[in-house]
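# Examination of the molecular architecture
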Amino acid sequence: MTQLIYLDNNASTALAPAVRAAMTPWLDHTGNAASSHAAGQAADRAISCAREQVADLLTAAPREIVFTSGATEANNLAIRGLTTHSPRRTLVCGATEHPSVLEPMRALERDGYTLRIAPVDEEGLLRLDALAELVDDDTMLVSVMAANNETGVVSPIREAADLAHAAGALLHTDATQLAGWGPLSVDTLGADLLSLSAHKMHGPQGVGALFIRRGLRLTPLLHGGGHERGVRSGTPNTMGIVGLGAAAAAAAACTDADRAQVRRRRDLLAALLDELAGPVRLNGHATQRLPGTLNVTFPGVDADLVMAGAPTVAVATGSACSSGHPGPSHVLGVMGIDPALAAASLRFGLSRYTSDSEVHEAAERIATAVQHARASEGRAS
Ligand code: PMP
């Protein structure tokens, strides 16, 4: 059987070998981290170690890290958790935010909050001039994603944070897509709240974290036994948290050279697609982008047909992250990309583990599928 080439790393990533090795012993460990016996305390120590690893990745303090079930929960906690602690009633976010930021904000809007959405330009970059107009002394929170899941475009977080802080507002960043690509600093970014998710950085699914700057108070979404310093009740997922810690340590070790290598392979993929199935059009900023993300349009070609024609290459059309919402991506839409072009777009996500030979082979399989799609559409018209 033809080997699957996995190029959908923006949707989810494979477990890194070191992460698997760190998690495996916990599969057979019985013990609740809240229990005072030796088995519970062993789990508690493992969780403390993971908390340090996540804090180190973010240049934060361990007590500023709260473990969650993923970035969706972290984003919801950051946004909803603040509301009871602020008299301000306005929320601001970027137009290309993930639904796990946009939807809780829309839900609050239905409850009477004001929601303002800052536009992006045609390359997907947040328009800081527009953001500046939207933030005022009623703004409670500005949420700007660190990097976009569909285009890989990296946002000017520091500048957005400065705008927010100048108005007395807080800055949340959804760093789910950026966190696997090297060390970060919450102070340099100016983030008061930061979300991440293990499965986007070679850790397991179903676990993530929220950085909450010291002194900030959030109302929990989940009330219960008061775990995670009262912010997130529920028996901690020891094995998952250990995996997140190991993934964070591996991400912190990701160097300029590692990123340059992924970038080179991604650009090779773009060049091969252009040569074999082009011309292709890049969606998103050419350089201000995650190393592994390539979102391209094959004008006149139905991207779903291409995917169906290349089932052994795992890629995405639109946003694979929003299950149940097929159709053109809202991200490409707000960048002003015509719906027909958006429907002809594919997102490739390379990881640190993607090889040159996989890039060559994937480009050939996709190019063949594009040619077949063109031929069948030609016959149909
Ligand atoms: N934010 C971004 C930018 C994402 O890409 C995703 C996952 N698609 C999420 C949040 C949600 O993460 P999780 O799957 O951990 O809930």
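Below or above, wherever it landed, is the structure these notes cover.

Scoring rules and cut-offs
- Residues numbered from 1 in each chain as written.
- Predicted model: local features only at pLDDT ≥ 70, side-chain atom pairs only at ≥ 80, totals over all residues.
- Heavy atoms only, no water.
- Axes fitted to C-alpha atoms, helices over the stretch in contact; angles between N-to-C directions.
- Helix = DSSP H or I, 4+ residues; strand = E, 2+ residues; numbered from the N terminus.
- Parallel < 35°, antiparallel > 145°, perpendicular 65-115°, else oblique.
- Left-handed = near helix turned anticlockwise from the far one by under 90°.
- Contact = heavy atoms within 4.5 Å.
- Nonpolar A, V, L, I, M, F, W, Y, C, P; charged D, E, K, R; others polar.
- 1 Å grid on protein atoms, 1.4 Å probe; cavity = no way out; pocket = protein on both sides within 12 Å on 5 of 7 lines; lining within 4 Å.
- Points joined across faces, edges and corners; volume = space filled by probe spheres on them.
- Near = heavy atom within 4 Å.
- Polar contact = N/O pair within 3.5 Å; in protein donor to acceptor, adjacent residues only side chain to side chain.
- Areas by Shrake-Rupley, 256 points an atom, 1.4 Å probe, with all protein chains shown as cover.
- Phe/Tyr/Trp six-rings, centres within 6.5 Å; stacked < 30°, edge-to-face > 60°.
- Lys NZ or Arg CZ within 6 Å of the ring centre and 35° of its normal.

This part covers the packing of helix 3 (residues 71–83) against helix 4 (residues 99–110). Two numbers describe how helix 3 lies on helix 4: the axes approach to 8 Å, and their chain directions differ by 30°. Here helix 4 runs roughly parallel to helix 3, going by the angle between their axes. Where helix 3 crosses over helix 4, the handedness of that crossing is right-handed. Across the interface between the two elements, Thr 72, Asn 75, Asn 76, Ile 79, Arg 80 and Thr 83 from helix 3 touch Ser 100, Val 101, Pro 104, Met 105, Ala 107 and Leu 108 from helix 4. Along the lines of polarity and charge, the residues of the contact of helix 3 with helix 4 split into six nonpolar, five polar and one charged.

The final tally for this structure, using the stated rule, is three cavities of 30 Å³ or more. Put simply, the largest cavity is a space of about 130 Å³. Looking at the largest cavity, it is lined by 14 residues, and the ones nearest its centre are Asn 9, Thr 13, Trp 181, Lys 200 and Leu 350. Taken together, the residues of the lining of the largest cavity sort by class into four nonpolar, eight polar and two charged. Approximately 70 Å³ is the volume attributed to the second largest cavity. Every residue lining the second largest cavity is counted, 13 residues in all, and those nearest its centre are Thr 96, Val 120, Gly 124, Leu 126 and Ser 155. Classifying every residue of the lining of the second largest cavity gives seven nonpolar, five polar and one charged.

Next up on the list: the site of the ligand. The environment of the ligand is formed by 15 residues, the closest being Thr 72, Asp 174, Gln 177, Ser 197 and Lys 200. Separating an oxygen atom of the ligand from a side-chain N or O atom of His 199 is a distance of 2.9 Å. In isolation the ligand offers 390 Å² of accessible surface; the protein chains occlude 90% of this area. With three residues, the single largest contributor to the shell around the ligand is helix 3.

Aromatic rings considered in pairs are described by the distance between their centres and by the relative angle of their planes. Considering all chains together, one arrives at zero aromatic pairs under this definition. The cationic tip of Arg 89 hangs over the ring face of Tyr 113; the distance from NZ or CZ to the ring centre is 4.0 Å.

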